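Residues per chain are reported as follows:
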Amino acid sequence: MAETVDSTPCGALIIGGSAGSLDVLLEIFPALMNDIGFPIVLVIHRKASNESLLTDLLKSRTTLEVNEAEEKEFLSPGKVFIAPADYHMLIEEDQSISLDYSEKVNYSRPSIDVTFQSAAEVYREKLVCILLSGSNADGVEGLKSVNNFGGKVVIQNPNTAIMPYMPQQAVLNVEPHVILDSHDMADYINKLNN
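Treat the numbers as computed from the prediction; the structure is a model and nothing was measured.

Definitions and limits used
- Residues numbered from 1 in each chain as written.
- Predicted model: local features only at pLDDT ≥ 70, side-chain atom pairs only at ≥ 80, totals over all residues.
- Heavy atoms only, no water.
- Patch = residues over 30% accessible without salt bridge, like charges linked within 9 Å, V, L, I, M, F, W, Y side chains within 5 Å.
- Areas by Shrake-Rupley, 256 points an atom, 1.4 Å probe, with all protein chains shown as cover.
- Salt bridge = Lys/Arg side-chain N within 4 Å of Asp/Glu carboxyl O.
- Lys, Arg positive; Asp, Glu negative; His and termini not counted.
- Charge placed at Lys NZ, Arg CZ, Asp CG, Glu CD.
- Helix = DSSP H or I, 4+ residues; strand = E, 2+ residues; numbered from the N terminus.
- Pairing = 2+ DSSP bridges.
- Core = buried A, V, L, I, M, F, W, Y, C linked by side-chain atoms within 4.5 Å.
- Buried < 20%, exposed > 50% of the residue type's maximum accessible area, 1.4 Å probe, protein only.

Novice: If you had to explain a negative patch on the surface to someone new, which residues and values would you point to?
Specialist: On the surface, Glu-92, Glu-93, Asp-94 and Glu-121 cluster together into a patch of negative charge. Mapped onto the elements, Asp-94 comes out in the loop between strand 5 (88-91) and strand 6 (97-100).

Novice: Explain unusual backbone geometry to me, using residue names and the numbers behind them.
Specialist: When glycine is set aside, most residues are seen to have a negative phi, and most peptide bonds are trans. The omega angle of the peptide bond from Arg-109 to Pro-110 is 15°, so this bond is cis rather than trans. The backbone phi angle of Gln-95 is positive, close to 65°, even though this residue is not glycine. Positive phi is not limited to glycine here, since Arg-124 has a value of about 50°. Mapped onto the elements of the fold, Arg-124 is located in the loop between helix 3 (112-123) and strand 7 (127-131).

Novice: Kindly report on the pairing of strand 6, identifying the contributing residues and their values.
Specialist: Where strand 5 lies against strand 6, four bridges are found, and the strand directions are antiparallel. Residue pairing for strand 6: Met-89 is matched across the bridge by Leu-99. Taking the residues that link successive antiparallel strands as the turn, the strand 5-strand 6 hairpin has five residues, and the phi of Gln-95 there is positive, at about 65°.

Novice: With reference to specific residues and values, describe the nonpolar core.
Specialist: One finds Ile-15, Leu-25, Phe-29, Ile-40, Leu-42 and Ile-189 to be the most contacted residues of the largest nonpolar core, which totals 30 residues. In terms of residues, this core owes the most to one element, helix 6 (residues 185-191), which gives four residues. Of all hydrophobic cores here, the second largest spans 28 residues; its members include Ile-14, Ala-83, Ile-112 and Val-174.

Here it is, written out as structure tokens:
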């Protein structure tokens, strides 16, 4: 699918993934520019016992500031916010973070759908969401919301995903702006920095 050039500035980038997505993140983060002009939010399914592992791994791979998201913290440009294990992460109207311990969605907490949907309402056409490898359909409903509010939907090419089910479900059910191989994602993200 051809990538369309769009002059709308990126207000926020949200990356969602599950099983198999860590490899993609470790490929993306070392190649990101160090002056990214928007916040990056990661919603990754993981066990609570591995709480700081993802944060520490990414910190060692990028010059960007990487931290686990905290309640009422504001999304600020050039920083990476990781949804805490076992909490849904919502984006409020004032672009602050709200953490929630309500029921799992798609067997997942944090749920990618919950974050995509709440961010779509706030950032609208300035939101870019990327869905990576995973073994359930979390993220599909959220991507529909992103499309409805005019944001950009980016899906990992299922053929390059360790667990292709999640991106396959997205490709089948959502109209993506672009489908990317994992090795093209860093370049795509850097180009959002206009």
